[in-house]
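Observations on chain architecture
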Amino acid sequence: MSIFQIASFGVYGFLAVLSLFAVGIGLYKIAQFSRLGVGKRNEAEKILDDWLNGRVEEAISAAGKRKSVLARIMQAVFSGIQARPSDVSYAEELSRQTAIIELATMSERMRSLDMVVQAAPMLGLLGTVIGMIEAFSVLAVTEGAIDPTALAGGIYVALTTTALGLIIALIAFFIATWLESRIDRERNMMEALMSAAIHGRVDPNASNT
């Protein structure tokens, strides 16, 4: 077995590790989002409605259960308002700090997926270079008619590693994009709920009357 064949197996091994790594992070993030309560907008809207309609105790009780990211944000807002009713900036700061912590938790290991998106095509390209070197080394040492099968191994490695690298990068890219979109939606909902709980909800039909 030549050094090029050993290097090719190494590239295949690294690509396999990257693919398992990307899928593992995706599954971890899905489980983490479920545990944190990401995306529970209806529950948060119910808490906000109770708060704005004067059902303060019900809103505080529901938010105090801390079953979702948005509920924990609402709890921080309510705690700030109750502690300093005349200072809305205190409630804003409490909720902002809570939001930063929640967003940092949701963003854990997202960089790792970005790393897979960047590294997989580069590994595939490395495999392509190794495969082409192997193919040309066969040409260099062969005298007379060239056996096509002797070139097949290097060309096979050159093509398959590139394809595998691109496939793994695409899978990791789609997983990362989906997770980031959920984080962005949660961030937007945090800002909207924090503002509505402190300053009141804007009536979209008010300008039309």
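Quick look at the structure, then. Here the structure is a predicted model, which is why all the values come from computation and not from measurement.

With that out of the way, let us pick up the overall build of the protein chain. Within the protein chain, the regular secondary structure consists of 7 helices and 0 strands. The proportion of buried residues among the 209 residues of the protein chain is 36%. Considering only contacts within the protein chain whose residues lie at least 6 apart along the sequence, 80% involve residues at least 24 apart.

As a further point, take helix α5 (residues 88–106). Over its 19 residues, α5 runs 27 Å from end to end, which matches the ideal 27 Å to within 8%, given 1.5 Å per residue. Looking at α5, one finds that the buried residues are A91, S95, T98, A99, E102, L103 and M106. Viewed along the axis of α5, the buried residues span an arc of 135 degrees, placing them on a single side of the element.

Further remarks concern a nonpolar patch on the surface. A cluster of nonpolar side chains, V23, L27, I30 and W178, forms an exposed patch at the surface whose accessible area comes to about 380 Å². Ranked by the residues each element gives to the nonpolar patch, the list is headed by helix α1 (residues 3–36), at 3 residues. Along the polypeptide, W178 turns up in helix α7 (residues 148–199). The class of W178 is partly exposed, set by a relative accessible area of 39%.

Another aspect to go through is the pattern of salt bridges. Once their charged atoms are close, side chains differing in charge can pair, the charge on each being opposite to the other. Using the criterion set out here, one finds 8 salt bridges in the structure. In this structure, the salt-bridge partner of D50 is R55, at a minimum N-O distance of 2.8 Å. Using a relative accessible area of 3% as the deciding quantity, one classes D50 as buried. Residue R84 is joined to D87 by a salt bridge in which the shortest nitrogen-to-oxygen separation is 3.9 Å. The class for R84 is partly exposed, based on a relative accessible area of 43%. Through salt bridges with shared partners, one network takes in K46, D50, R55 and E58.

This next bit is on the nonpolar core. Judged by nonpolar contacts, the single largest core of 47 residues is most densely connected at M74, F78, M106, L113 and M190. Apart from the residues lying within four places of it in its own chain, the contact partners of M106 are K29, Q32, F33, L36, V38, V69, I183, E186 and M190.

In contact at an axis separation of 7 Å, helix α2 (residues 41–52) and helix α3 (residues 56–64) are set at 150 degrees when each is read in the N-to-C sense. Judged by the angle between their axes, α2 and α3 are roughly antiparallel. As for how α2 packs across α3, the hand of that crossing is left-handed. Contacts between α2 and α3 pair I47, D50 and W51 from the former with V56, E58, A59, I60, A62 and A63 from the latter. When the residues that make up the contact of α2 with α3 are grouped by side-chain class, the tally is 7 nonpolar, no polar and 2 charged.

A few words on helix α4 (residues 69–83). End to end, α4 covers 21 Å across 15 residues, agreeing with the expected 21 Å (1.5 Å per residue, within 8%). Across the 15 residues that make up α4, a large majority, 11, are buried. Regarding α4, the residues found buried are V69, L70, A71, R72, I73, M74, A76, V77, F78, G80 and I81.

Position of E102 among the secondary structure elements: in helix α5. What makes E102 buried here is its relative accessible area of 8%. Those residues within four positions of E102 in sequence are excluded, and the remaining contacts are V69, R72, I73 and M190.

So, about unusual backbone geometry. Leave glycine aside and you will find that most residues have negative phi; peptide bonds, for their part, are mostly trans. A positive phi angle, near 55 degrees, is found at R66, a position not held by glycine. Mapped onto the elements of the fold, R66 is located in the loop between α3 and α4.

Right, let's talk about the packing of aromatic side chains for a bit. Scanning all chains against the criterion turns up 2 aromatic pairs. Ring geometry for W51 versus F78: centroids 4.1 Å apart, planes at 20 degrees, classification stacked. Remark: F78 occurs in helix α4 and W51 occurs in helix α2; sequence separation between them is 27 residues. Positioned above the aromatic ring of Y90, the side-chain terminus of R84 is 4.1 Å from the ring centre.

Rules used throughout
Residues numbered from 1 in each chain as written. Predicted model: local features only at pLDDT ≥ 70, side-chain atom pairs only at ≥ 80, totals over all residues. Heavy atoms only, no water. Helix = DSSP H or I, 4+ residues; strand = E, 2+ residues; numbered from the N terminus. Buried < 20%, exposed > 50% of the residue type's maximum accessible area, 1.4 Å probe, protein only. Contact = heavy atoms within 4.5 Å. Expected span 1.5 Å × (residues − 1). Arc of directions from axis to C-beta. Patch = residues over 30% accessible without salt bridge, like charges linked within 9 Å, V, L, I, M, F, W, Y side chains within 5 Å. Areas by Shrake-Rupley, 256 points an atom, 1.4 Å probe, with all protein chains shown as cover. Salt bridge = Lys/Arg side-chain N within 4 Å of Asp/Glu carboxyl O. Core = buried A, V, L, I, M, F, W, Y, C linked by side-chain atoms within 4.5 Å. Axes fitted to C-alpha atoms, helices over the stretch in contact; angles between N-to-C directions. Parallel < 35°, antiparallel > 145°, perpendicular 65-115°, else oblique. Left-handed = near helix turned anticlockwise from the far one by under 90°. Nonpolar A, V, L, I, M, F, W, Y, C, P; charged D, E, K, R; others polar. Phe/Tyr/Trp six-rings, centres within 6.5 Å; stacked < 30°, edge-to-face > 60°. Lys NZ or Arg CZ within 6 Å of the ring centre and 35° of its normal.

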